[in-house]
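Overview (structure and organization)
Spelled out from the first residue to the last, the chains are:
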Amino acid sequence: MVYFKTLDDFNVKNKTVIVRVDFNSEVDPQTKQVTNDMRIRAHALSTLKELAEKGAKTVVLSHQGRKGEPDYTNLEQHAEILQQILKCPVEYVDDLFGEKAKNAIAQLQGGEILVLENVRSWSGETKKGTPAQQSETELVQNLAPLADLFVSDAFSVAHRDNVSMIGFTAVLPSAAGRIMECELKQLNKVLENPCHPCVYVMGGAKADDSLEISKYILNNNVADNLLLGGIISQLFMAAKGIQLGKGTMDYLEKKELLNLIPGIHELLVNYPDKIVLPIDVALNIDGKRVEIPVSQLPSEHPIFDIGTKTVEKYVDIISNAQSIVVSGPLGVYEDSAFCYGTKTIFETIANSNASSLAGGGNTIAAIDQYRLTDKISYISTAGGALVEALMGKRLPGVIALETATETKKFYAIPA
Ligand code: 3PG
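Everything numeric in this text was worked out from a predicted model, so none of it was measured.

For the pair helix α1 (residues 38-53) and helix α2 (residues 76-86), interaxial distance at closest approach is 10 Å and the crossing angle is 60°. With respect to each other, α1 and α2 are oriented oblique. Where α1 crosses over α2, the two elements pack in a sense that is right-handed. Of the residues in α2, those touching α1 at Ile-40, Arg-41, Ala-44, Leu-45, Leu-48 and Lys-49 are His-78, Ile-81, Leu-82, Ile-85 and Leu-86.

One open sheet holds the three strands; their spatial order is β11-β10-β12, and the pairing between them is antiparallel. The outermost strands of the open sheet, each flanked by one partner alone, are β11 (288-293) and β12 (303-306). If you compare each strand with its neighbour and ignore which way they point, the axes differ by 35° on average. As defined by bridge partners, strand β10 (residues 280-285) adjoins β11 across six bridges and the pair is classed as antiparallel. In the sheet register, Asp-280 faces β11, and the bridge partner there is Pro-293. Of the strands in this sheet, β11 and β12 touch helix α13 (residues 340-351), which is tilted by about 25° from β12.

Close reading of the predicted structure is inappropriate where its pLDDT is low. Predicted confidence across the protein gives a mean pLDDT of 94, with 97% of residues reaching 70 or more. Counting contacts from residues 409-415, a segment whose pLDDT is below 50, to residues more than four positions away or on other chains yields twelve contacts.

Our next topic: the sheet that holds strand β14 (residues 355-358). With respect to topology, six strands assemble into an open sheet ordered β9-β8-β7-β13-β14-β15, the strand pairing being parallel. The open sheet has two edge strands with one neighbour each: β9 (275-276) and β15 (378-379). Strand direction decides the pairing type here: strand β7 (residues 198-202) and strand β13 (residues 323-327), joined by five bridges, are parallel. Residue pairing for β13: Met-202 is matched across the bridge by Ser-327. Its contacts with the sheet place helix α12 (residues 308-319) against β7, β8 (225-228), β9 and β13, and it is angled at close to 150° to β8.

Let's shift gears to the packing of aromatic side chains. Counted according to the given criterion, the structure contains three aromatic pairs. Taking 5.6 Å as the distance between ring centres and 90° as the angle between the ring planes, the aromatic pair formed by Phe-97 and Trp-122 counts as edge-to-face. Residue Phe-97 is found in the loop between β3 (90-92) and α3 (99-106), and its partner Trp-122 is found in the loop between β4 (113-115) and α4 (131-135); the two are separated by 25 residues along the sequence. Exposure remark for Phe-97: the relative accessible area of 16% places this residue in the buried category. Residue Trp-122 is classed as buried on the basis of its relative accessible area, which comes to 12%. Relative to Phe-338, the ring of Phe-304 has its centre 5.0 Å away and its plane inclined at 70°; by these criteria the two rings are edge-to-face.

A word on helix α9 (residues 230-239). Most of α9 is tucked away, with ten of its ten residues classed as buried. Regarding α9, the residues found buried are Gly-230, Ile-231, Ile-232, Ser-233, Gln-234, Leu-235, Phe-236, Met-237, Ala-238 and Ala-239. Once α9 finishes, Gly-241 follows within two positions and takes phi at roughly 95°, a positive value.

Counting 62 residues, the largest nonpolar core has Phe-155, Tyr-200 and Ile-275 as the members making the most contacts within it. The dominant element in this core, judged by the number of residues it contributes, is α9, at seven residues. Apart from residues lying up to four places away in sequence, Tyr-200 is in contact with Val-190, Leu-191, Ile-217, Val-222, Ala-223, Asn-225, Leu-226, Leu-227, Val-325 and Leu-390. Core analysis: the next-biggest nonpolar cluster, separate from the first, contains 29 residues, Val-12, Val-21, Ile-40 and Leu-149 among them.

The immediate surroundings of the ligand are formed by Asp-22, Asn-24, Arg-39, His-63, Arg-66, Arg-120, Ser-156 and Arg-160. At a separation of 3.1 Å, an oxygen atom of the ligand approaches a polar side-chain atom of His-63. In this structure, an oxygen atom belonging to the ligand sits 2.6 Å away from a side-chain N or O atom of Arg-160. Burial of the ligand by the protein amounts to 85% of the accessible area it has alone, namely 310 Å². Looking at the shell around the ligand residue by residue, the classes come out as no nonpolar, three polar and five charged.

Parameters and conventions
Residues numbered from 1 in each chain as written. Predicted model: local features only at pLDDT ≥ 70, side-chain atom pairs only at ≥ 80, totals over all residues. Heavy atoms only, no water. Axes fitted to C-alpha atoms, helices over the stretch in contact; angles between N-to-C directions. Helix = DSSP H or I, 4+ residues; strand = E, 2+ residues; numbered from the N terminus. Parallel < 35°, antiparallel > 145°, perpendicular 65-115°, else oblique. Left-handed = near helix turned anticlockwise from the far one by under 90°. Contact = heavy atoms within 4.5 Å. Pairing = 2+ DSSP bridges. pLDDT = per-residue confidence, 0-100. Phe/Tyr/Trp six-rings, centres within 6.5 Å; stacked < 30°, edge-to-face > 60°. Buried < 20%, exposed > 50% of the residue type's maximum accessible area, 1.4 Å probe, protein only. Core = buried A, V, L, I, M, F, W, Y, C linked by side-chain atoms within 4.5 Å. Near = heavy atom within 4 Å. Polar contact = N/O pair within 3.5 Å; in protein donor to acceptor, adjacent residues only side chain to side chain. Areas by Shrake-Rupley, 256 points an atom, 1.4 Å probe, with all protein chains shown as cover. Nonpolar A, V, L, I, M, F, W, Y, C, P; charged D, E, K, R; others polar.

Okay, here's the thing in structure tokens:
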């Protein structure tokens with residue numbers, strides 16, 4: 001259980017509120033234009049709208065990309081998108097904690113929103129430290145004296161001890177924003193209080209964390225079944241001793257995944273009934289879908305999807321679930337010949353009566369593509385942070401909020 005204060009605990013009218021959101025979005029590497037505004041929309045329509053409506057002077061902090069990477073940009077267009085979504089003026093200033101930023105903050109009126117420059121434009125942002133150490137930095141020392149409250153809304157960055165995530169919590173009254181609050185409540189539901197049978201569907205190409213997540217949810221009786229697809233299922237099949245074929249094994253080796261095999265093997269021995277692997281697969285043979293039972297492997301052709309019989313088996317298990325967590329597509333869903341597994345499983349999850357939580361970039365894109373968004377109980381805004389939380393890790397951004405709540409229990413902004 002996580003204890004933290006929320007926007008309900010503070011009167012923000014005419015108060016200066018620093019809000020750390022995660023506007024980090026997909027951008028076109030050439031034009032640098034945001035191509036998916038899902039995260040901006042989520043913060044806008046919850047925390048930022050509420051603060052503006054309650055008359056706060058809102059100062060928005062966020063990162064976009066990593067310096068030197070193609071998705072690194074300033075936040076001018078994010079402020080414009082925010083303005084379009086909220087249909088109210090949003091100011092942007094190309095400064096983070098210099099005179100320009102401080103003057104813009106000083107001039108804010110109740111109900112107005114100001115977006116500051118990308119926090120990662122300042123190299124100190126990503127240096128490691130405790131909340132107390134991060135509170136000594138230029139960013140916090142310059143901005144905190146101008147603010148009455150810090151609102152942490154960027155759950156998807158809560159796995160980072162970045163200055164803007166944890167530094168303000170050491171010196172300002174702090175609260176979780178609505179996105180942070182919602183994400184933590186949902187996570188609490190699926191990790192600490194899942195309705196059983198609880199089914200985890202794990203797929204996708206990022207298999208690095210699959211062992212640690214599986215270990216945590218199985219050893220702690222969180223999941224009753226783990227249904228696997230994507231590269232993760234291939235790694236687990238290899239750990240079971242199934243001969244997949246040279247190309248597939250070379251791929252797993254290239255991705256440095258083979259070192260996970262002994263740990264996965266042990267897990268398969270300990271949980272032979274809970275971990276469910278494909279019984280048939282769809283091979284990509286010159287662009288065509290050809291299904292074979294797993295017993296007919298190895299194959300020189302790559303595995304691009306789970307097979308029809310596997311889909312039937314997974315649908316059956318999902319239909320009896322009371323709660324479902326889904327992370328990652330079951331195959332190469334972008335290719336219409338190999339989307340069957342992902343589409344059918346995701347539709348089954350969406351149409352089931354179980355509570356469902358989905359997270360991760362490709363998962364959300366697939367859910368969106370199949371127009372299932374409204375039928376999933378909760379879609380997390382997070383990628384890496386969700387993965388770390390599912391591995392049972394405590395996230396620095398959440399610890400900082402909890403600590404702030406403990407130490408400043410009676411310290412609220414005067415009405
Ligand atoms: C994310 O997209 O997962 C968050 O915005 C964190 O981004 P980062 O991995 O660059 O810290």
